[in-house]
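Summary of the model geometry
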Amino acid sequence: MMHGTRIDFGWGRVVVLTVLALAATVLPLPEPLEPFRPNFVALTVLWFCLLSPRLLGLSYAWIAGLALDGFAGVLLGQHALTLTVIAYVACKLRLQIRAFPPLHQSAVILALLWLNEFLLFWIDGIAGHAITDWRRWIPVPLSAALWPLVTSLYAHFAPRR
Amino acid sequence: MSSHQSDPRPLLLGGPALGLRLIVLVSMAAGLMVADHRQHRLAAIRDGIATLAYPIQWAVQAPVQAFGAVRESFATRTRVEAENVKLASDNLVLRLKLMRYESLEQENQRLRAVRESSPRVVQRSLVAEILRVDLDPFRQRVLVNKGTRAEVFRGQAVIDAAGIYGQVTRAGPFSAEIILITDPEHAIPVQVNRTGARSIALGTGRAGLLSLPYLPQNADVIVGDLLVSSGLGGVYPPGYPVARVTAVVRDPGQPLLAVEAEPLAGLDRDPEVLLVWFDNAIVEPEPPSETP
């Protein structure tokens, strides 16, 4: 699934994947399905962190987060902050996480996504527009459950050595 | 993972470099948030991102729109004919109303002249198309395809054919974000059309539901009352329909009534909305000019 550490991504692939993730984030869904949208940008950032942290580590997470803020029209910097934090953890524990079996990996991703969502919840609260609707937490387990699918899908994007 | 040995760089990432980067990036993000939240100084950055995002947002919703257009073009002839008949009859009714309206408008202007108050009617409007883009499922906001290039400004009122829709919260060069009257952060000053009682209608975050929590127990409100904009606050033109009261709960234990209302504007189904300009009678105080 993963191809070692020295993966030479072309910037083109990175930009394409990021733009696709952002587009999937704003893709119109039927109203009842809206809360079930997986957290595509966070998954993409985590995947890049685990795969190629030297090239696409924290700075990438920060820029992707800022783009997400601009796209979603929320407070500028909030996703940049939270994604940088989870990218840091992912980079730190990268070698352990990559050695885990898929289910175990999903569990770690779940924890990271919880952290991400909790930080967002916190920032929303400080900024004075907290969303207390319980449905805001749905994407977290859903995205973690999608992790094996995401890795096998994105593996097609990673250049083979 | 045998490739690690061939990699001359340190095996374990981290150490001070990674931690330092984290601290720098997190403080940058925190600085951005404070600047954005407190001072609203980041208009240029926002505009930049909005401009970059616009083509992607447009591309995402294009297939959905194209599908709608294709379905429209395959609509059966009978449906189009039925629609045509309905439009013709609607047109007749509206023209009759317009005749009455014109005389009423003249009368209204005369009366207003007597009272020396300004009429504050909508003077100019611009049709904007809603981009089918989901911004945040828990906030009632939409994106439209007109921005500052079309003289759209922050705080501008947005209406549709049936009533008040919302206001512009952010205007980029090519697109603008509109907060709907049902957004939990939105409040609109309203007036009960039947009695003239004024109150404030708050959004609830659910499409199709406004709440009026500030009416006293003895207020004269009944189910079916029309709420119109009162024009207080100066954002919305007065006298435009906002919502219809759907529930009035009189709990004697509570000091205030719990009133629910359903917005009249087609908040979740309009393909197009109107951005309006009107003469605002409330003049903002000029900032004191700096004396040399």
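As shown above, the structure is provided for reference.
Described below are features of the structure shown in this document. These figures come from a predicted structure and were not determined experimentally. What you see as residue numbers is a count from 1 along each chain, following the sequence as written. Note on labels: chains are lettered from A, ligands numbered from 1, in written order. Per-residue local features of the predicted model are confined to residues with pLDDT of at least 70, and side-chain atom pairs are confined, for both listing and counting, to 80 or more; whole-chain, interface and lining totals are unaffected and use all residues. In computing side-chain properties, one takes all heavy atoms of the structure into account and sets aside hydrogens as well as water.

**What about a nonpolar patch on the surface?**
Only residues whose relative accessible area exceeds 30% and that form no salt bridge enter a patch; like-charged residues are grouped when within 9 Å of one another, and nonpolar side chains (Val, Leu, Ile, Met, Phe, Trp, Tyr) when within 5 Å. Per-residue accessibility takes into account occlusion by the displayed protein chains alone, with areas from the Shrake-Rupley method and a 1.4 Å probe. A carboxyl oxygen of Asp or Glu within 4 Å of a side-chain nitrogen of Lys or Arg is what we treat as a salt bridge. Taken together, the side chains of L33, F36 and L142 of chain A make up a nonpolar region of the molecular surface, amounting to roughly 250 Å² of accessible area. Every helix listed is a DSSP run of H or I at least four residues long, and every strand listed is a run of E at least two residues long, numbered separately from the N terminus. Its place among the elements puts F36 of chain A in the loop between α1 (11-26) and α2 (40-51).

**As for the pairing of strand β7 (residues 198-203) of chain B**
Residues and elements named next belong to chain B. Only protein chains enter the accessibility calculation, which uses a 1.4 Å probe; a residue is then buried when its area is under 20% of its type maximum, exposed when over 50%, and partly exposed in between. Side chains S199, A201 and G203 project from β7 onto a buried face, and the interleaved R198, I200 and L202 project onto a face without burial. Any two strands between which DSSP finds at least two bridges are classified as paired. For strand β6 (residues 187-192) and β7, the ladder comprises five bridges, and the chain directions are antiparallel. Its bridge partner being in β7, Q191 is matched across the sheet by R198. In textbook terms, the turn of a hairpin is the stretch between consecutive antiparallel strands, and for β6 and β7 this stretch comprises five residues, one of which, G196, has a positive phi near 85 degrees.

**Points about α1 of chain A**
For α1 of chain A, spanning 16 residues, the distance from its first C-alpha to its last is 23 Å, which sits close to the expected 22 Å at 1.5 Å a residue. Within α1 of chain A the residues assigned to the buried category are V14, L17, T18, A21, L22, A23, T25 and V26 of chain A. Residue contacts are counted whenever heavy atoms from the two residues lie within 4.5 Å of one another. Elements in contact with the buried residues of α1 of chain A: α2, α3 (58-72) and α8 (147-154) of chain A together with α3 (43-73) of chain B. Given a helix with a known number of residues, its expected span is that number minus one, times 1.5 Å.

**Here we look at empty space enclosed by the protein**
One water molecule sets the probe size; rolling that probe over the atoms shows where empty space is left. Cavities and pockets were defined on a 1 Å grid built from protein atoms only: a cavity is a group of points that admits a 1.4 Å probe but offers it no way out, a pocket is an open group of points flanked by protein on both sides within 12 Å along at least five of seven lines, and a lining residue is one with an atom within 4 Å of any such point. Grid points are joined across faces, edges and corners, and a volume is the space filled by probe spheres set on the points. The full count for this structure, using the stated rule, is four cavities of 30 Å³ or more. Of the voids in this model, the largest cavity is the one considered here, and its volume is about 480 Å³. Lining of the largest cavity is provided by 25 residues; of these, H79, E117 and L120 of chain A together with D136 and P137 of chain B occupy positions nearest its centre. Going through the elements one at a time, α2, α3, α4 (78-92) and α6 (102-127) of chain A are the ones with two or more residues in the lining of the largest cavity. Element by element, the count of residues in the lining of the largest cavity is highest for α6 of chain A, at three residues. The computed volume of the second largest cavity comes to approximately 200 Å³.

**Side note on the nonpolar core**
Nonpolar cores were defined as sets of buried Ala, Val, Leu, Ile, Met, Phe, Trp, Tyr and Cys residues, with membership established by side-chain atoms within 4.5 Å. Ranked by internal contacts, the top residues of the largest apolar core, which has 61 residues, are V41, V45, L46, W47, L58 and L113 of chain A. It is α2 of chain A that contributes the most residues to this core, ten residues altogether. Among the nonpolar cores identified, the runner-up in size contains 39 residues, and V144, I181, V259 and A261 of chain B belong to it.

**Describing the packing of aromatic side chains**
Classification of ring pairs rests on two measures: the distance between centres of Phe, Tyr or Trp rings, Trp counted by its six-membered ring, which must be within 6.5 Å, and the angle between planes, read as stacked under 30 degrees, edge-to-face over 60 and tilted in between. With the rule as written, the count across this model stands at six aromatic pairs over all chains. Ring geometry for W47 of chain A versus Y154 of chain A: centroids 5.0 Å apart, planes at 80 degrees, classification edge-to-face. Of this pair, W47 of chain A sits in helix α2 while Y154 of chain A sits in helix α8, and the two are 107 residues apart along the sequence. Each member of the pair, W47 of chain A as well as Y154 of chain A, is classed as buried. Through a chain of ring-to-ring contacts, the aromatic side chains of W47, F48, Y60 and Y154 of chain A assemble into a single cluster. If you follow R136 of chain A out to its NZ or CZ, it ends over the ring of W137 of chain A, 5.6 Å from the centre. By the criterion adopted, a ring carries a charge over it if an Arg CZ or a Lys NZ lies within 6 Å of its centre and within 35 degrees of its normal. In this structure, R124 of chain B is placed above the aromatic ring of W277 of chain B, and the distance from its NZ or CZ to the ring centre is 4.1 Å.

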